Amino acid sequence: QVQLVESGGGLVQAGGSLRLSCAASGRTFTSYTMGWFRQAPGKERELVAAIMWTGGRTYYADSVKGRFTMSRDNAKNTVYLIMNSLKPEDTAVYYCAARKSTRPTYDDWGQGTQVTVSS
């Protein structure tokens, strides 16, 4: 059974930085793509960034390009989302998710971590 455990959320002022972590367990993730999603109150969940576990190819939403960086540590089975130049509109619950790279949908989800950016 896949387990994804996020950590690192919190309250930060606009312009500040945070690093989110997602510890993955329960299977071998070499054929997986990991994603970070976020959901703000009253809005739909959106994909913010993704990384292929093998090869490290990344994707970023236009709204975070140049500010957010997603990376992985194979030895620790952990993915990270480094968020710089945070804006109030980045405020949301951030979720880690996993999918087999051959599948279109994310099947496994973490519990989420709150990120609040004050102006």
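Criteria and cut-off values
Residues numbered from 1 in each chain as written. Predicted model: local features only at pLDDT ≥ 70, side-chain atom pairs only at ≥ 80, totals over all residues. Heavy atoms only, no water. Phe/Tyr/Trp six-rings, centres within 6.5 Å; stacked < 30°, edge-to-face > 60°. Helix = DSSP H or I, 4+ residues; strand = E, 2+ residues; numbered from the N terminus. Buried < 20%, exposed > 50% of the residue type's maximum accessible area, 1.4 Å probe, protein only. Pairing = 2+ DSSP bridges. Axes fitted to C-alpha atoms, helices over the stretch in contact; angles between N-to-C directions. Salt bridge = Lys/Arg side-chain N within 4 Å of Asp/Glu carboxyl O.

Visitor: Is there a simple way to think about the packing of aromatic side chains in this case?
Guide: Here the distance between the centres and the angle between the planes together describe a pair of aromatic rings. Under the counting rule described, the total for this entry stands at 5 aromatic pairs. Judged by centre distance (4.9 Å) and plane angle (85°), the ring pair of Phe37 and Tyr106 falls under edge-to-face. With Phe37 in strand β4 (residues 32–39) and Tyr106 in the loop between β9 (92–100) and β10 (108–109), this pair connects stretches of sequence that are 69 residues apart. Look at Tyr106 and you get buried, because its relative accessible area is 14%. When the ring of Phe37 is compared with that of Trp109, the centres are 4.7 Å apart and the planes differ by 55°; the resulting orientation is tilted. On the criterion of sequence distance, the pair formed by Phe37 in strand β4 and Trp109 in strand β10 is long-range, its members being 72 residues apart. With a relative accessible area of 10%, Phe37 lands in the buried category.

Visitor: Which parts of the structure should I look at to understand the sheet that holds strand β3 (residues 18–25)?
Guide: The strands making up a sheet associate through hydrogen bonds between their backbones, and the pairing can be parallel or antiparallel. Taking strand neighbours across the sheet as the criterion, the 4 strands line up as β1-β3-β8-β7 in an open arrangement whose pairing is antiparallel. Pairing within the sheet leaves two strands with one partner each, and these edge strands are β1 (3–7) and β7 (68–73). Taken pair by pair, the neighbouring strands of this sheet meet at an average axis angle of 15°, ignoring direction. Looking at chain direction, β7 and strand β8 (residues 78–83) are connected through 6 bridges and run antiparallel. Along β8, the bridge assignment pairs Met70 with Leu81.

Visitor: Explain the pattern of salt bridges to me, please; I cannot follow it from the model alone.
Guide: Pairing between side chains of opposite charge can happen when their charged atoms approach one another. Scanning the model with the defined rule gives 5 salt bridges in all. Here Asp90 ties to Arg38 by a salt bridge, and the two come within 2.9 Å at their closest N and O atoms. Linking Asp90 in the loop between β8 and β9 with Arg38 in strand β4, this pair joins segments that are 52 residues apart in sequence. Owing to a relative accessible area of 0%, Asp90 belongs among the buried residues under this scheme. What makes Arg38 buried here is its relative accessible area of 7%. Here Asp62 and Lys65 are joined by a salt bridge, their closest N and O atoms 3.2 Å apart. Taken together, the salt bridges that share partners define one network made up of Arg38, Glu46, Arg67 and Asp90.

Visitor: What is the right way to look at the pairing of β4 in this model?
Guide: Successive side chains on a regular strand alternate, one facing one side of the sheet and the next facing the other. With 7 of 8 residues buried, β4 lies mostly within the body of the structure. Both β4 and β9 contribute to a ladder of 8 bridges, which runs antiparallel. For Gln39, the partnering residue across the bridge sits in β9 and is Val93. Where β4 meets strand β5 (residues 46–52), 6 bridges bridge the pair, whose relative direction is antiparallel. Of the residues in β5, the one forming a bridge with Thr33 is Met52. Taking the residues that link successive antiparallel strands as the turn, the β4-β5 hairpin has 6 residues, and the phi of Gly42 there is positive, at about 80°.

Visitor: Looking at this structure, I do not really get the environment of Gly35. What am I missing?
Guide: Within the secondary structure layout, Gly35 lies in strand β4. Each C-alpha atom, one on Gly35 and one on Arg99, is 8.2 Å from the other, the two residues being 64 residues apart in sequence.

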